[in-house]
Amino acid sequence: TEAPPGGPVDTDAPTVAGAFPDSGAVGVGPIDSLAIVFNEKMNHRSVERAFQMVPPIDIEEREWDDRTWKLRLREPLREGTTYVGLLGAEATDRRRNELGRLWSFAFATGDTLEDGLAHGIVVGQRLSAKHLWIYAWPWEAGYPDTTEEGFPETPLRLGQSDEKGAFRIAHLPRGRGLRICAFFDRDGDGQFQPLPDRWSCWPDSVVVSDTTTSAGPLTLYLADADEP
């Protein structure tokens, strides 16, 4: 059979070609915008839904220029802070091909990047552990409230599990107790709902010490309310 007019159908996963500021940059001075450049035209809504920034930034305007997504800042970035932008695996191009894996970039307005790392796996049977957001809070923030709709306070850092449930959370502060949890968001609305959604948390404080490169492996068990 011949390819349809206009060439073969695009089935390749999109990729990120670059970002501003550059990933790994330190001493980032006053800037008025961030940008992500893709290798092809993207489905704008999917990118915007899949993007997270920690700590959060106040965005005045989002605009697309061909393959470039620009985020214009309403306020200056905080001094002495490591920022991490994450684009979830579910972002797609215009042919609905998924990015397929988490992409992230990090930069600092101070002289150094926070470089702690935690890794592990989410294990689920009835509930899928694929592409779940993984949250890191200060240990003292407490366990996520599972009795009411809503969402806990802003996390220090985020990660995302891969196709098999494995995850890494990078750029964690060292020497500080952390609470690490996976979030099963059944309808993908970004809000916790007591019946359909689930949290799974590592039971102990996680500390990335000054003498290790990574904390883990951590195993988070994801179960529905009536599972053993």
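Let me begin by describing the structure that accompanies this report.

1. Digging into the state of the cysteines
- Applying the stated criterion across every chain, the model contains one disulfide.
- For cysteine 181, the disulfide goes to cysteine 201, at an S-S distance of 2.1 Å. Because the sign of the S-S torsion sets the handedness, a value of about 105° for the bond joining cysteine 181 and cysteine 201 places this disulfide among the right-handed ones. Residue cysteine 181 is located in strand S12 (residues 178-184), and its partner cysteine 201 is located in strand S13 (residues 198-201); the two are separated by 20 residues in the primary sequence.

2. Considering the sheet that holds strand S1 (residues 16-20)
- Overall, antiparallel pairing links the four strands, which are arranged S1-S2-S5-S4 in an open sheet. In the strand order of this sheet, the two ends are held by S1 and strand S4 (59-65), each with one partner. Across the sheet, the mean angle from the axis of one strand to that of its neighbour is 10°, orientation sign disregarded.

3. Quick look at the side chain of threonine 81
- As for its placement among the helices and strands, threonine 81 is situated in the loop between strand S5 (68-73) and strand S6 (82-87).
- Using a relative accessible area of 12% as the deciding quantity, one classes threonine 81 as buried.
- The contacts of threonine 81, once residues within four sequence positions are left out, are Pro55, Phe107, Ala108, Thr109 and Gly110.

4. A closer look at the layout of surface pockets
- Roughly 620 Å³ of internal volume is contained in the largest pocket.
- Contributing to the lining of the largest pocket are 23 residues, with Glu90, Trp133, Asp185, Gly188 and Asp189 lying nearest its centre.
- Elements supplying a minimum of two residues to the lining of the largest pocket: helix H1 (44-50), strand S3 (51-54), strand S9 (133-138) and S12.
- If one sorts the elements of the lining of the largest pocket by residue count, H1 sits on top with four residues.
- Split by residue class, the lining of the largest pocket holds eight nonpolar, seven polar and eight charged.

5. Here's the deal with unusual backbone geometry
- Cis geometry marks the peptide bond from valine 54 to proline 55, where omega comes out at -10°.
- Structurally, proline 55 is set in the loop between S3 and S4.
- Residue proline 217 is reached from glycine 216 by a cis peptide bond, and omega for that bond is 5°.
- By the element assignment, proline 217 lies in strand S14 (residues 215-222).
- The phi torsion at arginine 96 lies on the positive side, around 70°, for a residue other than glycine.
- As for its placement among the helices and strands, arginine 96 is situated in the loop between S6 and strand S7 (103-108).

Parameters and conventions
Residues numbered from 1 in each chain as written. Predicted model: local features only at pLDDT ≥ 70, side-chain atom pairs only at ≥ 80, totals over all residues. Heavy atoms only, no water. Disulfide = S-S within 2.5 Å. Helix = DSSP H or I, 4+ residues; strand = E, 2+ residues; numbered from the N terminus. Pairing = 2+ DSSP bridges. Axes fitted to C-alpha atoms, helices over the stretch in contact; angles between N-to-C directions. Buried < 20%, exposed > 50% of the residue type's maximum accessible area, 1.4 Å probe, protein only. Contact = heavy atoms within 4.5 Å. 1 Å grid on protein atoms, 1.4 Å probe; cavity = no way out; pocket = protein on both sides within 12 Å on 5 of 7 lines; lining within 4 Å. Points joined across faces, edges and corners; volume = space filled by probe spheres on them. Nonpolar A, V, L, I, M, F, W, Y, C, P; charged D, E, K, R; others polar.

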